[in-house]
Amino acid sequence: MPSPEEASTSTPPGPPSAPPTFKSLGLIDPLLEALEQMGFKTPTEIQAEVLPQALQGRDIIGVASTGSGKTAAFALPILQKLWEDPKGLFACVIAPTRELAFQISQQFESLGSTMGVRCVTIIGGVDLQAQKVALAKKPHIIVATPGRLLEHLEETKGFSLRNLKFLVLDEADRLLDMDFGPKLDKILKLIPKERSTYLFSATMTTKVAKLQRASLSNPVRVEVNSKYSTVSTLLQYYLLMPLPQKDVHLIHLANSLAQNSMIVFTRTVHDAQRLSIMLRSLGFPAIPLHGQLSQSARLGSLGKFKSGGRKVLVATDVASRGLDIPSVDVVINYDIPVHSKDYIHRVGRTARAGRSGKSITLVTQYDVELVLRIEAVTGKKMELWPVDKEEIALLRERVDEAGRLAIQEMKEQGIKGGGHSRKRKREEGGGHDDQDRDDDMVEAGMPKMKKKSKGRR
Amino acid sequence: MAIDDSSSTTTRLLTLLNVSATKAGKRKRTYEDSKPVEKLNKRRAVQFAAVDGNTEQAASTAEAEVVGEPEPKKVAEVEEDEEELGAQTTADSYETHFGLSPDALTERSREAVDQRAWSTRRDKLGKLGSVVVSVPEGAENSGASTSKHKISDKMKEPLVARQAKLPREVVELQNDFLDTLSSYRDVYVTRTTPDTQPSMREVLTLHALNHITKKRRRILKNNERISHAVKAGNPPPEDVQDQGFTRPSVLILLPFRSFALRWISALTAHTPRSHYQIENHARFQSEYDLPAGAIDKLANAEPGAYPRDHVEMFKGNVDDSFRLGVKITKKSVKLFADFYNCDLIVASPLGLRMSVEKDKNADFLSSIEVAIVDQMDALTMQNWEHVQFVFNHLNQMPKESHDVDFSRIKPWYLDGHAAYLRQTILLSAYETPETRALFNQSLKNVSGRIRTERRWTPIEVPEGIDQNFVQFDSNSPKDEPDKRFQYFTTQMLPAILKSAVQSANTVIFIPSSLDFIRVHNHFRKNVGASFAVLSEYSSNQDISRARQAFFTGKKAFLLISERFHFFRRYKIRGIRNLVFYAPPDHPQFYTEFLSYPFLDEGVDASDVTCRVLYSKYDWLRLERIAGTEGASELIKRGV
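Residues numbered from 1 in each chain as written. Chains lettered and ligands numbered in written order. Predicted model: local features only at pLDDT ≥ 70, side-chain atom pairs only at ≥ 80, totals over all residues.

Looking at an unreviewed UniProt entry, chain B carries the name U3 small nucleolar RNA-associated protein 25, with the source organism given as Polyporus arcularius HHB13444. Comment text from UniProt for chain B, heading Subunit (unreviewed entry), reads "Component of the ribosomal small subunit (SSU) processome composed of at least 40 protein subunits and snoRNA U3." Per its UniProt entry, chain B bears the Subcellular location (unreviewed entry) comment "Nucleus, Nucleolus". (UniProt positions renumbered as here; feature names shortened; annotations may be inferred.)

As annotated in an unreviewed UniProt entry, chain A carries the name ATP-dependent rRNA helicase RRP3 and is attributed to Polyporus arcularius HHB13444. UniProt, in its Sequence similarities (unreviewed entry) section for chain A, records the words "Belongs to the DEAD box helicase family. DDX47/RRP3 subfamily."

K.L.:
So what's going on with the overall build of chain B? Residues and values would help.
P.N.:
Within chain B, the secondary structure is distributed over 24 helices and 17 strands. Looking at chain B residue by residue over its 639 residues, the buried ones come to 42%. (Helix = DSSP H or I, 4+ residues; strand = E, 2+ residues; numbered from the N terminus. Buried ≥ 20, exposed ≤ 12 C-beta atoms within 10 Å, placed from the backbone.)

K.L.:
So what's going on with the overall build of chain A? Residues and values would help.
P.N.:
Each helix and strand in chain A was counted, giving 18 helices and 15 strands. Evaluated residue by residue, chain A yields a buried proportion of 49% over its 457 residues. Contacts spanning at least 24 positions in sequence make up 80% of the contacts within chain A whose residues lie at least 6 apart. (Contact = placed C-beta atoms within 7 Å.)

K.L.:
So what's going on with the sheet that holds strand β13 (residues 330–333) of chain A? Which residues, and what values?
P.N.:
Residue and element names in this part refer to chain A. As summarised here, the arrangement of the seven strands in space is β11-β12-β10-β13-β14-β9-β15, forming an open sheet in which the pairing is parallel. Strand pairing shows two members of the sheet lacking a second neighbour, β11 (286–289) and β15 (383–384), which therefore form its edges. In terms of strand pairing, β11 meets strand β12 (residues 312–315) through four bridges, oriented parallel. Along β12, the bridge assignment pairs Pro 288 with Val 314. Contacting β10 (262–265), β11 and β12, helix α11 (residues 269–281) runs over the sheet at an angle of about 170° to β11. (Pairing = 2+ DSSP bridges. Axes fitted to C-alpha atoms, helices over the stretch in contact; angles between N-to-C directions.)

K.L.:
If you had to explain unusual backbone geometry to someone new, which residues and values would you point to?
P.N.:
All names here are of chain B. Despite not being glycine, Gln 375 shows a phi value in the positive range, around 55°. Of note, Gln 375 is situated in the loop between β9 (370–373) and α15 (376–381). A count of 21 C-beta atoms within 10 Å places Gln 375 in the buried class. Although it is not a glycine, Asn 505 sits at a positive phi angle of roughly 55°. In this fold, Asn 505 is placed in the loop between α19 (480–498) and β13 (506–510).

K.L.:
Can you break down the interface of chain A and chain B residue by residue, with the values?
P.N.:
Chain A puts 10 residues into the contact, and the matching count from chain B is 13 residues. When its residues are assigned to classes, the side of chain A that touches chain B shows four nonpolar, three polar and three charged. (Nonpolar A, V, L, I, M, F, W, Y, C, P; charged D, E, K, R; others polar.)

K.L.:
Break down the nonpolar core for me, citing the residues and quoting the values.
P.N.:
The biggest cluster of nonpolar side chains holds 107 residues, and the ones touching the most others in it are A:Val143 and A:Val264. Of the residues forming this core, the biggest block, eight residues, is contributed by helix α3 (residues 70–84) of chain A. Each of domain 1 (4–223) and domain 2 (234–413) of chain A contributes no fewer than three residues to this core. Those residues in contact with A:Val143 that lie beyond four places of it in its chain are A:Val93, A:Ala95, A:Ala101, A:Ile104, A:Ser105, A:Phe108, A:Cys119 and A:Thr121. Counting 75 residues, the second largest nonpolar core, distinct from the first, contains B:Leu206, B:Leu253, B:Trp263 and B:Val346. (Core = buried A, V, L, I, M, F, W, Y, C linked by C-beta atoms within 7 Å. Domains from an automatic or database assignment.)

K.L.:
I'd like a description of the UniProt feature "domain: UTP25 NTP hydrolase-like" (unreviewed entry) in chain B, backed by residues and values.
P.N.:
If you check UniProt for "domain: UTP25 NTP hydrolase-like" (unreviewed entry), the listed places come out as residues 184–450 of chain B in our numbering. Spanning residues 184–450 of chain B, this segment combines 40% helix with 13% strand, and its end C-alpha atoms are found 10 Å apart.

K.L.:
Could you give an account of the domain arrangement of chain A, naming the residues involved and the relevant values?
P.N.:
All names here are of chain A. Domain boundaries assigned for chain A yield domain 1 (4–223) and domain 2 (234–413). Contacts between domain 1 and domain 2 engage 18 residues on the former and 18 residues on the latter. Tallying contributions element by element places helix α4 (residues 98–111) first for the side of domain 1 that touches domain 2, with five residues. Of the residues belonging to the side of domain 1 that touches domain 2, the class tally is six nonpolar, seven polar and five charged.

K.L.:
Would you mind going over the environment of A:Asp342 in detail, with residue names and values included?
P.N.:
All names here are of chain A. Examined against the element boundaries, Asp 342 turns out to sit in helix α13 (residues 340–347). Considering only alpha carbons, one finds Asp 342 and Ser 320, 22 residues apart in sequence, at a separation of 7.2 Å. Discounting residues that sit within four places of it in the chain, Asp 342 has contacts with Asp 317, Ser 320 and Pro 337.

K.L.:
Residue-level account of helix α21 (residues 540–552) of chain B, with values.
P.N.:
Its 13 residues place the ends of α21(B) 18 Å apart at the C-alpha level, agreeing with the 18 Å of an ideal helix rising 1.5 Å per residue. B:Gly553 sits one or two residues past α21(B) and shows a positive phi near 90°. (Expected span 1.5 Å × (residues − 1).)

K.L.:
Now, about the sheet that holds strand β4 (residues 250–253) of chain B: what can you tell me, with residues and values included?
P.N.:
All names here are of chain B. The strand order β1-β2-β11-β3-β10-β9-β4-β8-β6-β7-β5 describes an open sheet built from 11 strands, whose pairing is mixed. Every other strand in the sheet has two partners, leaving β1 (118–124) and β5 (277–279) as the edge strands with one partner each. Across the sheet, the mean angle from the axis of one strand to that of its neighbour is 15°, orientation sign disregarded. Bridge count for β1 against strand β2 (residues 130–136) is seven bridges, and the pairing is antiparallel. When the sheet's bridge partners are listed, Lys 124 is paired in β2 with Ser 130. Where helix α10 (residues 257–268) meets the sheet, it contacts β4, β5, β6 (323–328), β7 (332–335) and β8 (344–347), and its direction lies at approximately 155° from that of β8.

K.L.:
I'd like a description of the packing of α3(A) against α4(A), backed by residues and values.
P.N.:
Residue and element names in this part refer to chain A. Running from N to C, α3 and α4 point in directions that differ by 50°, and their axes come no closer than 10 Å. Here α3 lies oblique to α4, going by the angle between them. Crossing handedness for the pair α3 and α4: right-handed. Between α3, through Thr 71, Ala 72, Ala 75, Leu 76 and Leu 79, and α4, the contact on the second element is made entirely by Ile 104, Gln 107, Phe 108 and Leu 111. (Parallel < 35°, antiparallel > 145°, perpendicular 65-115°, else oblique. Left-handed = near helix turned anticlockwise from the far one by under 90°.)

K.L.:
Requested: an account of the pairing of β8(B), with residues and values cited.
P.N.:
The two faces of the sheet receive side chains in turn, since in a regular strand these alternate between them. Residues and elements named next belong to chain B. In β8, alternate side chains face the same way, and those of Leu 344 and Val 346 on one face and Ile 345 and Ala 347 on the other are all buried. As defined by bridge partners, β4 adjoins β8 across four bridges and the pair is classed as parallel. When the bridges of β8 are listed, Ile 252 appears paired with Val 346. Sheet topology note: the β6/β8 ladder contains four bridges and is antiparallel. The partner of Val 326 across the bridge, within β8, is Leu 344.

K.L.:
Help me get a handle on the packing of α13(A) against helix α14 (residues 368–378) of chain A, residues and values and all.
P.N.:
All names here are of chain A. One way to put it is that α13 packs onto α14 with a least axis distance of 9 Å and a crossing angle of 70°. Considering their axes alone, α13 and α14 lie roughly perpendicular with respect to each other. Contact residues: α13 offers Ser 340, Tyr 343 and Ile 344, while α14 offers Arg 373, Ile 374, Val 377 and Thr 378. Looking at the contact of α13 with α14, its residues break down into four nonpolar, two polar and one charged.

K.L.:
Describe the domain arrangement of chain B, and please don't skip the residues or the numbers.
P.N.:
All names here are of chain B. When cut into domains, chain B gives domain 1 (34–104 + 116–260 + 336–452) and domain 2 (466–637). With five residues of domain 1 in contact, the opposing surface of domain 2 contributes five residues. The class makeup of the residues in the side of domain 1 that touches domain 2 is three nonpolar, one polar and one charged.

K.L.:
Could you give me a rundown of the UniProt feature "domain: UTP25 C-terminal" (unreviewed entry) in chain B, with the residues and numbers involved?
P.N.:
Taken from the UniProt record, the annotation "domain: UTP25 C-terminal" (unreviewed entry) applies to residues 462–636 of chain B. In residues 462–636 of chain B, helix accounts for 46% and strand for 17%; the two terminal C-alpha atoms are 26 Å from one another.

K.L.:
Provide a residue-level description of helix α15 (residues 389–413) of chain A, including the pertinent values.
P.N.:
Between the first and last C-alpha of α15(A) there are 35 Å, a value that for 25 residues agrees with the 36 Å anticipated at 1.5 Å per step. A:Arg396 marks the point of greatest bend in α15(A), at about 40°. (Bend = angle between axes of the 7 residues up to and from the residue.)

K.L.:
If you had to explain the confidence of the model for chain A to someone new, which residues and values would you point to?
P.N.:
Residues and elements named next belong to chain A. In this model, chain A carries an average pLDDT of 78, and 82% of its residues clear a pLDDT of 70 or more. Ignoring residues within four places in sequence, the model shows residues 1–16, a span with pLDDT below 50, making 20 contacts including any to other chains. pLDDT under 50 marks residues 417–457. Its contacts with residues more than four places away, or in other chains, come to 72 contacts. (pLDDT = per-residue confidence, 0-100.)

What follows is the structure, given as structure tokens:
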């Protein structure tokens, strides 16, 4: 197997003769029709690069910045091959979070609507029996999180992927790292070697060992921008304040940006829950999204936010990758992400597909180094978000009061700090149901989970 | 009497100890059901399976026999299977109805069934008489009805042999019924009699056996193909979708253990000793028959001591809580098989419900393809809710997977459409609103449904009694009971109480248990007259006291529930006046009560009065008493 270093890199397109269209890229009519219905007119850069290679049957490593149409880039060639040779259990897409898996399968369904593609989402936290039945119907496309998929492969009698033709790892670097690695290894053992494999992400690991796991054969590496980067339409700001004043600054931001739809990222489940209660008690339409909610609650939260029913989503890193919510105007980092990659993914929730967007990172006295590191990676300087100190001072009393109430309410509801609750432990001990671990499990319980996630990244 | 608490306790005790199993002569496999009733002189006495003295030995060495079966025979059978598989592709009704993609199962037909849009026509089906055939609207031309059963001759052999000795009439009925069943439509027979029941049972068990055998053979055949492919290193075949979520595919609901005994012997009559062995038969006999030494009062009573239908219903073991799994293989019929490892479930609604509630799921009912409900009239006298409970749990998506191979489940099971293909066969001596509602609402077979129709002639009653049918007005079935109660308490009862003659020696017969409680309470609180009650909950002591008091005239009124009479069948003496709160479900009860006054010496028909309160919603009951024409006149008469 050639190592990824040997992987040929696609030649950058020469002087563009004419901008490629979906038709000129060789797509078949049913897909063109679906694309038209969905309002996609011209292929994005990554799509234009990936499609010809994929249609030739090459394995692909695709790297492109957030919101650049990666999902369609792998969905289209798969659907086209499916059209040529319709078969059950044709392709499997693996994604790190449940919400992302859900979103990918929706995209498959709408792209394949004209050709009647059948697609199931296999994720944790949902009834196992119904999924077994759905799998037995031999859907064309499976979109899954690793834990639940493995569970089905091992335990559902009569389900196998031995005729699989395509494997896609979305957010591949996340899937290939330590947390998902062992499960992915097991899955790969149960999947035939003769298949096409696509790896996609906005940030891609370079470590050879990790890529070999995915057992690519003669892959082509398609990178639209080689440097991990944020899109140019994104305006990045920071806001410097002392640690105890984080809450009041957040409220101030929420207040001054009240007309926009925004995502607030926190490091812990506890903060996400607390801030959403606080925001709500101060009259902002906020809704939480984190790994300790039930799956239906999670999808419900996301649905409300997407439909515009709620303007503020307070989320942990479960929502940091892949989710495509076009209407997001502002991303606020309540806690600065520890890894610069996470920063890129988080701010990638806004300014998608050519739109503009803002990101504001709350920076305390302890976080300065992290900011510098992020700026080094993205190659962009963040600007200072101007605030009026007096306004902050005015808000302070009410915010503190709301904060106290929020903590009290959480105590009453029995929601404890992220990562330490009994519920969490039981979930992990229970094993089966929650095998697809969420991003916030590691991030959320940082100090305690450190041992477990040793060597991550 | 039939329900003897002490004897049923003994049964249970004996079941535990399995005492009777050790007794000699217990292992006879006779098919007693076919014993004709002499007085009707319809059929000759026939015993099906030859009872040889070695049966006992045979049963005990059975296992060894199976193991040591000579190989050549097996090969021959495989060949036979192959032939059958080839033949099945033509037009076997099993394949057309339960194949991978049945023609009848279309979105349109499912919608039509869900909206209860049926196109109905009347027809005559040979000996079954006139029937109402309904098919989902828009599916009138489906070919489902044309395909016939392909029952292998070998399986039909025992039936054919028995039919040779039966009168032509019965044979014709059996054949017509078998043809009807073969269409895999729902069948609702509303007029079974003690005479037709055994022959129908024979046909139904053959139908069930054929269904199970076809299904199992296909599965075994596919198992073989898969293992061949694996051995040869080929990819396993893809077209092996041949089963449901769980193994049981036939369900038979019965009121009492004694009926289970009759059904199982009808089933084993099709599986002669030369080809099959019956496992656990001794245990079955001991648990489902009366314990050794117990004397069946009803079966041994002199002819005429009890009404015939009562004897037929209650002879034998009348425990109403049981469930039995029957596993059928090529060479054996195993009774008491585990539910998830059996093909046929024989149970009472109560027994099944208890099992479902214990397991907290009804997964073993998820893949029932043929459901048979026998003696529905008796089931309505038990707790009808249990029947509804069972039907609500049929063909639901299972909650657990029970180690099923998901790649072999038929597509329409996965789509949750199993209920649209299930064939349900309902047998009842008469119709009640409950059974009709079950037929109309719980059956969704897209192949259509057949309901037998019957015109009733007026029932015979002693001459000279003035029967006074009183109609009250009611416009919705919902408040019918209220209206009835109101009419009874404000009009009918005051009139009775006013009359000196009519307010003594009066029986008030109340069919519904709920009405019974209501009227009882009314008597307790508002009526000054003395009265006694007889309900299905009365103890033996209460009963004799009440009967005595009523006979001697100490109590002027006697309230009797229909269930009391159904289960106990006491003759009540001292009746001069009869009030039917509603027409009884059992038409013969009407005759019986009208003849009771003449048990006493010197009673003239003119001394007896009879009133029947009815509304238009009593149509089905009224029809059985007054005859179809008489009833329609009564209804038309208006208030």
